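What follows is the residue order along each chain.
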Amino acid sequence: MTTDSFDFTDSNQQVQVVSGNKSMTFSVIKPEIVQVFQDYGKSTHSYAVEGNKSVDTKYAVAKDGDVITIKTDALTVKVDPQLHVDVYDANNHPLVVHYDGQRESINQNIDAAHKKIVRSEGHEVAAVDEASHAYYEVLNQLDDDEQFYGLGGKTGFLNKRGYEYDNWNTDEPRPHIESFTHLYKSIPILFGIKQGHPYGLFFDNTYRSHFDLGKESSKYYVYAADDGNLNYYILGGDTLKDVVADYTYLTGVVPLPQRWMLGYQQSRWGYSMDQSRVEEIVDKFEQYHLPLEAVHFDIDYMKGYRVFTWDTDKFADPKAFLTSLRKRGVRVIPILDPGVKQDDDYEIYQEGLKKGYFAKNKDGSVYINRVWPGKSAFPDFGNPDVRKWWGKHCKFLLDNGAAGIWTDMNEPATFDGDMPDDVVMTDEDQPSTAKMMHNVYGHNMAKATYNGIKNATGKRPYVITRAAYAGTQKYSTVWTGDNQSLWHHLQMSIPQLCNLGMSGFSYAGTDIGGFSADTTPELLTRWIEAALFSPLFRNHSALQVRNQEPWVFGKHVLDIYRKFLNLRYRFIPYLYDCFHNETQDGLPVMRALVLNYPDDRTVRNMNDEYMVGDDVLVAPIVQQGQTARAVYLPKGQWIALDTGVEYAGQTTILANVPLDKLPIFIKKNTLLPWGQEVEHISDQPDKTMTFRLFGDAATYTHYQDDGVDFNYQNGEYNEYTVTVSTSGDCSVDLTHHGYDGQYKTVNVQLNDQLVTFKYDDKTAKYVAEK
Ligand code: GLC
């Protein structure tokens with residue numbers, strides 16, 4: 001191609017590069033974010049990025065022969081006449097470089113006949129060569145020193161290099177293993193560290209898409225899509241944290257949860273078959289002095305699995321019952337599935353039918369498939385009116401006392417084969433099909449539910465969803481779906497939650513103890529330990545498996561379980577601070593070590609340790625039978641929480657970890673808020689807060705609000721700065737005073753003494769007691 005037909009136009013931070021009859025648009029969003037767009041005539045509505053994110057940015061565009069360069073302070077993007085894109089950081093280090101070669105099939109030497117033979121025994125044969133029907137591909141060079149993170153909660157390991165993944169939300173009951181390419185969520189954000197330099201690529205396309213991250217070949221990695229516009233964002237920055245923050249800048253942060261949402265939750269498919277079973281569970285929690293914030297009601301509470309109904313044969317007066325539980329400090333979270341039972345005597349079905357709110361077949365009839373209630377219709381959640389309708393109906397559950405809503409089966413899962421791609425759905429105000437709307441079905445259901453709860457209660461909604469797309473974090477917490485009581489799934493929970501965190505989902509958890517299969521006393525114990533800082537903290541299990549409440553394995557397990565629940569509650573103010581920080585800086589609560597120490601090669605593949613914020617490191621046992629483990633401590637000095645022993649970093653130590661131990665290390669010179677051991681988190685402000693010093697001197701900023709509603713957005717919150725100097729002087733300052741629930745007493749626990757401060761109403765200051 002000659003350079004004559006290769007040129008650009010530039011207006012308002014949008015650079016359109018034209019080459020022959022093709023064009024590509026580069027939008028400068030901010031110095032660290034450039035959007036790449038190629039129009040394939042498909043919907044341009046984004047479900048992930050809401051509102052205009054562009055800020056006034058200095059940039060330059062120039063053409064030099066066969067290269068057009070767009071340069072901001074953080075990124076240099078180069079485009080050639082083939083519209084191939086290369087990206088460099090501020091110091092000219094390559095981040096993303098187009099690969100010019102051909103893709104290679106893994107099984108290129110096997111002919112079709114032999115593939116057939118292999119498949120006849122049921123073996124899978126990678127269909128790499130068959131995948132070349134991809135609608136478009138982005139093919140980039142892979143460096144020998146390049147690692148990948150993100151992609152939401154895919155199976156496998158922290159570093160996604162060497163594996164392939166699909167983005168197609170799928171209900172997957174088989175044991176999740178590292179070769180699975182897709183599960184319930186599609187979060188197409190890929191973070192890379194290339195020769196130590198971080199970047200991100202966010203492919204905002206809801207159609208089915210595919211990543212091959214060096215599985216086919218160690219020379220390149222690929223993003224390919226089946227349909228949709230080419231629409232991706234290049235994210236840059238000095239550190240991996242900066243790049244993750246760019247991503248949450250685009251797709252949103254997790255809003256501040258209510259405080260109780262950080263406490264312990266108990267669930268099991270089957271509890272809500274019977275009111276007395278629920279009562280028995282709550283009684284046992286009280287009897288054994290175990291903290292409990294919520295019990296989840298699975299599908300059994302409904303009348304024949306009809307959504308927005310309550311089976312009054314099982315619960316004579318649901319409202320009275322839920323109120324009685326609430327008085328005992330326990331909330332109820334009922335489930336909702338999207339499938340609306342096809343039943344002429346059922347109001348919700350009738351209403352949805354009349355209003356045309358269900359997804360349809362091509363011929364205009366309502367699309368029906370089977371789920372728990374039998375034959376069911378599927379709300380067309382891409383239609384804003386349907387979302388409002390659904391949201392209004394949520395009031396039924398809230399009026400009965402529900403404290404939140406669990407949305408499930410929203411991939412959507414169907415029992416009689418998959419929903420066909422041509423099922424007619426709505427994309428906001430445009431007609432669309434399941435082919436485009438499938439991956440945002442759960443997103444739109446969660447969003448509808450969030451807004452329904454917010455409008456009805458004015459409180460921070462609690463929604464938990466199984467299916468999600470990029471950006472769903474703004475509306476819902478997530479869990480990783482139907483895991484199993486397998487050691488392998490406990491191991492995988494750490495990389496899954498850490499990658500979910502980097503992918504914007506700071507509020508996430510696994511089914512503690514495992515959903516399917518039968519847990520063991522040791523596995524349950526190690527799970528509650530490993531999940532101690534899992535932001536969502538819920539034990540959930542299937543109908544048919546062994547019970548896994550804390551007490552079922554006798555006193556030894558019960559005592560350990562209680563000890564760790566109590567420890568979790570000590571950390572709740574810290575976790576709440578981490579969540580507050582996350583709303584400001586977009587960084588996750590539970591973190592892979594690589595996020596805090598990206599320059600440390602040792603942690604780039606670390607699957608069995610994690611951090612909480614910047615200051616707490618956790619190294620649980622995730623192997624059956626193990627009672628000691630190697631713990632890698634990164635740069636700095638570290639203090640073991642249980643013994644106070646100090647360790648130098650950048651070394652591996654051997655920790656003895658009998659069944660009742662969890663190695664936790666605090667970064668030296670940290671102050672941590674230390675909450676109270678309570679059985680239920682109160683909506684009333686704490687009167688006292690304690691800060692514990694680890695090391696010699698530290699400063700800490702602590703956040704407090706009512707923990708319930710949105711008043712904090714109008715300044716109704718407090719910020720405290722607690723400082724301890726090396727000489728042992730300490731101070732507590734109320735650096736922002738907008739909430740009248742300020743602590744009456746603040747304790748600062750130094751190494752050798754406790755200093756108590758009292759709030760003086762007259763001066764609005766904390767004064768140390770003599
Ligand atoms: C799905 C959910 C699971 C739930 C079950 C019954 O399998 O993932 O959590 O218990 O459905 O509703």
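Analysis parameters
- Residues numbered from 1 in each chain as written.
- Predicted model: local features only at pLDDT ≥ 70, side-chain atom pairs only at ≥ 80, totals over all residues.
- Heavy atoms only, no water.
- Helix = DSSP H or I, 4+ residues; strand = E, 2+ residues; numbered from the N terminus.
- Rg over C-alpha atoms; globule rule 2.2 N^0.38 Å.
- Buried < 20%, exposed > 50% of the residue type's maximum accessible area, 1.4 Å probe, protein only.
- Contact = heavy atoms within 4.5 Å.
- Areas by Shrake-Rupley, 256 points an atom, 1.4 Å probe, with all protein chains shown as cover.
- Pairing = 2+ DSSP bridges.
- Near = heavy atom within 4 Å.
- Polar contact = N/O pair within 3.5 Å; in protein donor to acceptor, adjacent residues only side chain to side chain.
- Nonpolar A, V, L, I, M, F, W, Y, C, P; charged D, E, K, R; others polar.
- Salt bridge = Lys/Arg side-chain N within 4 Å of Asp/Glu carboxyl O.

Engineer: Help me out: how do you make sense of the overall build of the protein in this one?
Structural biologist: Broken down by element type, the protein carries 13 helices and 49 strands. By the compact-globule yardstick of 27 Å for 770 residues, the protein fits well, its C-alpha radius of gyration being 27 Å. Based on the C-alpha atoms only, the size of the protein along its principal axes is roughly 80 × 70 × 55 Å. The buried share among the 770 residues of the protein stands at 61%. Of the contacts formed within the protein by residues at least 6 apart in sequence, a portion of 68% connects residues at least 24 apart. Surface exposure of the protein reaches about 28800 Å², of which carbon and sulfur atoms provide 46%.

Engineer: What exactly am I supposed to notice about the pairing of strand β43 (residues 688–694) here?
Structural biologist: Across a regular strand the side chains alternate sides, sitting on one face of the sheet and then on the other. Most of β43 is tucked away, with 5 of its 7 residues classed as buried. Here strand β42 (residues 670–674) pairs with β43 via 5 bridges, running antiparallel. Along β43, the bridge assignment pairs tryptophan 674 with threonine 690. Judged from the 5 bridges that link them, β43 and strand β47 (residues 745–749) form a sheet pairing that is parallel.

Engineer: What is the right way to read the site of the ligand from this model?
Structural biologist: The local shell around the ligand consists of Trp269, Asp298, Ile299, Ile335, Trp372, Trp406, Asp408, Arg466, Trp479, Asp482, Phe515 and His540. At 2.5 Å, a side-chain N or O of aspartate 298 approaches an oxygen atom of the ligand. Side-chain polar atom of aspartate 408 to an oxygen atom of the ligand: 3.1 Å apart, as the coordinates give it. Summarising the interface, the protein chains cover 97% of the accessible area of the ligand, which totals 310 Å² for the free molecule. Residues of the shell around the ligand, tallied by class, amount to 7 nonpolar, 1 polar and 4 charged.

Engineer: How should unusual backbone geometry be read in this particular structure?
Structural biologist: Only a minority of non-glycine residues have a phi that is not negative, and only a minority of peptide bonds are not trans. Cis geometry is adopted by the peptide bond preceding proline 412, which originates at glutamate 411 and carries an omega value of -5°. Within the secondary structure, proline 412 is located in the loop between β25 (405–407) and β26 (424–427). In this structure, leucine 83 takes a positive phi of about 65° despite not being glycine. Along the polypeptide, leucine 83 turns up in the loop between β7 (75–79) and β8 (85–89).

Engineer: Looking at this structure, I do not really get the pattern of salt bridges. What am I missing?
Structural biologist: When charged atoms on two side chains of opposite charge get close, those side chains can pair. What the rule picks out here adds up to 46 salt bridges. The closest approach of N and O atoms between lysine 194 and glutamate 146, which form a salt bridge, is 2.8 Å. With lysine 194 in strand β14 (residues 189–194) and glutamate 146 in strand β11 (residues 146–150), this pair connects stretches of sequence that are 48 residues apart. Each member of the pair, lysine 194 together with glutamate 146, is buried. Aspartate 706 is the partner of arginine 460 in a salt bridge, and the nearest nitrogen-oxygen pair spans 3.5 Å. With arginine 460 in the loop between α8 (441–457) and β28 (463–465) and aspartate 706 in the loop between β44 (698–704) and β45 (718–724), this pair connects stretches of sequence that are 246 residues apart. Summarising the burial analysis for this pair, arginine 460 and aspartate 706 share the class buried. What you see here is one network of salt bridges that share partners, running through Asp171, Asp408, Glu411, Arg466 and Asp482.

Engineer: It is not clear to me how the pairing of strand β27 (residues 430–433) should be interpreted in this structure. Could you clarify?
Structural biologist: In terms of strand pairing, β26 meets β27 through 4 bridges, oriented antiparallel. Counted as the bridge partner of methionine 425 is serine 432 from β27. In textbook terms, the turn of a hairpin is the stretch between consecutive antiparallel strands, and for β26 and β27 this stretch comprises 2 residues, one of which, glutamate 428, has a positive phi near 55°.

Engineer: Looking at this structure, how should I read the sheet that holds strand β23 (residues 368–371)?
Structural biologist: The strands making up a sheet are joined through hydrogen bonds of the backbone, oriented either antiparallel or parallel. With respect to topology, 3 strands assemble into an open sheet ordered β22-β24-β23, the strand pairing being antiparallel. Of all the strands in the sheet, just β22 (340–341) and β23 have a single pairing partner and so form its edges. Direction of pairing for β23 relative to strand β24 (residues 374–377): antiparallel, over a ladder of 4 bridges. Paired with arginine 370 across the strands is lysine 375, a residue of β24.

Engineer: Would you take a moment to explain the environment of tyrosine 574 for this structure?
Structural biologist: Its place among the elements puts tyrosine 574 in helix α12 (residues 572–585). Each C-alpha atom, one on tyrosine 574 and one on tyrosine 475, is 23 Å from the other, the two residues being 99 residues apart in sequence. Other than its neighbours up to four places away in sequence, tyrosine 574 contacts Val612, Gly613, Asp614, Asp615, Val616, Leu672, Pro673 and Tyr700.

Engineer: Before we go on, may I ask you to explain the side chain of asparagine 444 in this structure?
Structural biologist: Positionally, asparagine 444 belongs in helix α8. Ignoring sequence-local partners within four residues, the contact set of asparagine 444 consists of Tyr47, Phe381, Gly382, Arg387 and Met437.

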